[in-house]
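Residue-level structure breakdown
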Amino acid sequence: KIITSSTGLLFLMDETCTTPALTYASTSYVDGPLRYDVSTTAIQSLNFPVGKGSDCRPVILTVNHTTGTSYSYKTEVFNSSAVALGWGLPSTVTGVSYVHWWDIDRTTTIGGASTPTTALSGTQTITLYYGANDGVTTPTALTVCKNTFSTLTTWIDIGGTGATVTSGSVTSTSLPTAFNSFSRFTLGNKITGNNPLPIELLNFNVKCSGKDNALLEWSTASETNNQGYEIQRSSDAVNFDKVNFVNSYGTGNSQVTQYYSLTDQISKNELIYYRLKQVDKNGAFNYYPIQSLNSCEPNNFSLYPNPTNEKLEISGLNLSAQVPYIIINTLGQVVKSESFLSNQDTTTININVSDLSEGFYTLIIGEGTEKHIQKFIVKQK
């Protein structure tokens, strides 16, 4: 892999560079932005051997220039949800990918001015590659979506048909909408298809239900080909075990809000991390952000955020004197010993933990029978 960035950019000259034609299964690629300079009036095909993390997701562009002016195409793929952007959908598409999007910026090579449409002839084409985690089950209903430089928060459908189930590629057709400018691109599911690209999660919350139970609640705005949700728990936010599985409602296809909940029994003074794993009917899955829950014992205090890398915000204490606290590492060593004043008018107290190394710690506030104990994790920035 070649690792690039906005300040450490790899760029290719069309007169001298050859780029390989990769697939979703390739293991060598450019992880980060890649720039290709073009200065020809002929129709030209540009291979962008790009990927992100463990996903190789190449792009093939066919461009047609009306002048010999040099233009630069900078391409980068992101392992991020296009659904989470919240952009509007065209009438021909039911959802976009929750796994990947591609940004393609077009500028003048000299000066770097943005030129999303200048000196382009007719319609261009783009080929995007997809793999197992993209959730393609109906390739004939797969399409390419993009936004435009003039309408940034609305997707348009530039057409296409996937080649194979699970892994393959899709090439735009400029139907029903023309591809004649450069911006952001992603995979879309046509209204005739069942590609499980969008499971649009509205929220996922964990709270106490009495002193012995955790109540997990989540809801979705839309579901496609959804089997259900596996609830997982962990004591270290790294190694998770299955708690239960909640089946989706009805057929697993919905365009209305669906509400789910689950109760999990917990122990006293236990710090727990919960994770939601959404599973499609074809076995593809997606994880949602981890939620944490401290002890549900009455009069205990809460820590936020947890894990953290800068500070801990403490709430729920009703003390009225100078209160000592200590922080202990996994070896039982005291790594911080200070005090703060807490009273009934204080809603939040901050403790700076930016000087602590990554790892697991125990915070003990007070002394003797007035001790309050919580565990927390420090993560690197």
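Notes on the structure follow. This is a predicted model, so every value here is computed, not measured.

**Quick word on the pairing of strand 12 (residues 125–130)**
Across the six residues of strand 12, five count as buried, placing the element largely inside the fold. Pairing between strand 8 (residues 59–64) and strand 12: four bridges, direction antiparallel. Bridge pairing links Ile-60 to Thr-127 in strand 12.

**Examining the side chain of Asp-55**
With respect to the element layout, Asp-55 can be found in strand 7 (residues 55–56). Comment: no salt bridge for buried Asp-55; closest opposite-charge side chain is Arg-57, at 4.2 Å. At 3.0 Å, the side chain of Asp-55 and the side chain of Asn-133 are in polar contact.

**Focus on the sheet that holds strand 29 (residues 349–352)**
The antiparallel open sheet is built from three strands, whose spatial order is 25-26-29. Either end of the sheet is taken by a strand with one partner, and the two such strands are strand 25 (302–304) and strand 29. Pairwise comparison of adjacent strand axes, ignoring direction, gives a mean angle of 30° for this sheet. As paired elements, strand 25 and strand 26 (residues 311–315) share three bridges and run antiparallel to each other. Bridging from a neighbouring strand, Ser-302 pairs with Ser-315 of strand 26.

**Focus on the environment of Lys-336**
Examined against the element boundaries, Lys-336 turns out to sit in strand 28 (residues 334–341). Each C-alpha atom, one on Lys-336 and one on Ile-326, is 5.5 Å from the other, the two residues being ten residues apart in sequence. What Lys-336 contacts, discounting residues up to four positions off in sequence, is Tyr-325, Ile-326, Ile-327, Ile-351, Asn-352 and Asp-355. Within the structure, the side chain of Lys-336 is placed 3.4 Å from the backbone oxygen of Asn-352, a separation counted as a polar contact.

**Here we look at the packing of aromatic side chains**
For any pair of aromatic rings, the description rests on two quantities: the centre-to-centre distance and the angle between the ring planes. Applying the stated criterion across every chain, the model contains twelve aromatic pairs. Taking the centre distance of 5.4 Å and the plane angle of 75° together, the rings of Phe-179 and Phe-185 count as edge-to-face. A residue is classified by how much of its surface remains accessible, and Phe-179, at 0% relative accessible area, is buried. Look at Phe-185 and you get buried, because its relative accessible area is 0%. Between Tyr-361 and Phe-376, the ring centres sit 5.7 Å apart and the planes meet at 20°, which makes this aromatic pair stacked. With a gap of 15 residues between them, Tyr-361 in strand 30 (residues 359–365) and Phe-376 in strand 31 (residues 372–378) connect regions that are remote in the sequence. As far as burial versus exposure is concerned, Tyr-361 and Phe-376 are alike and both buried.

Conventions adopted
- Residues numbered from 1 in each chain as written.
- Predicted model: local features only at pLDDT ≥ 70, side-chain atom pairs only at ≥ 80, totals over all residues.
- Heavy atoms only, no water.
- Buried < 20%, exposed > 50% of the residue type's maximum accessible area, 1.4 Å probe, protein only.
- Helix = DSSP H or I, 4+ residues; strand = E, 2+ residues; numbered from the N terminus.
- Pairing = 2+ DSSP bridges.
- Lys, Arg positive; Asp, Glu negative; His and termini not counted.
- Salt bridge = Lys/Arg side-chain N within 4 Å of Asp/Glu carboxyl O.
- Polar contact = N/O pair within 3.5 Å; in protein donor to acceptor, adjacent residues only side chain to side chain.
- Axes fitted to C-alpha atoms, helices over the stretch in contact; angles between N-to-C directions.
- Contact = heavy atoms within 4.5 Å.
- Phe/Tyr/Trp six-rings, centres within 6.5 Å; stacked < 30°, edge-to-face > 60°.

From the geometry alone we can't say anything about function, so treat these as descriptive.
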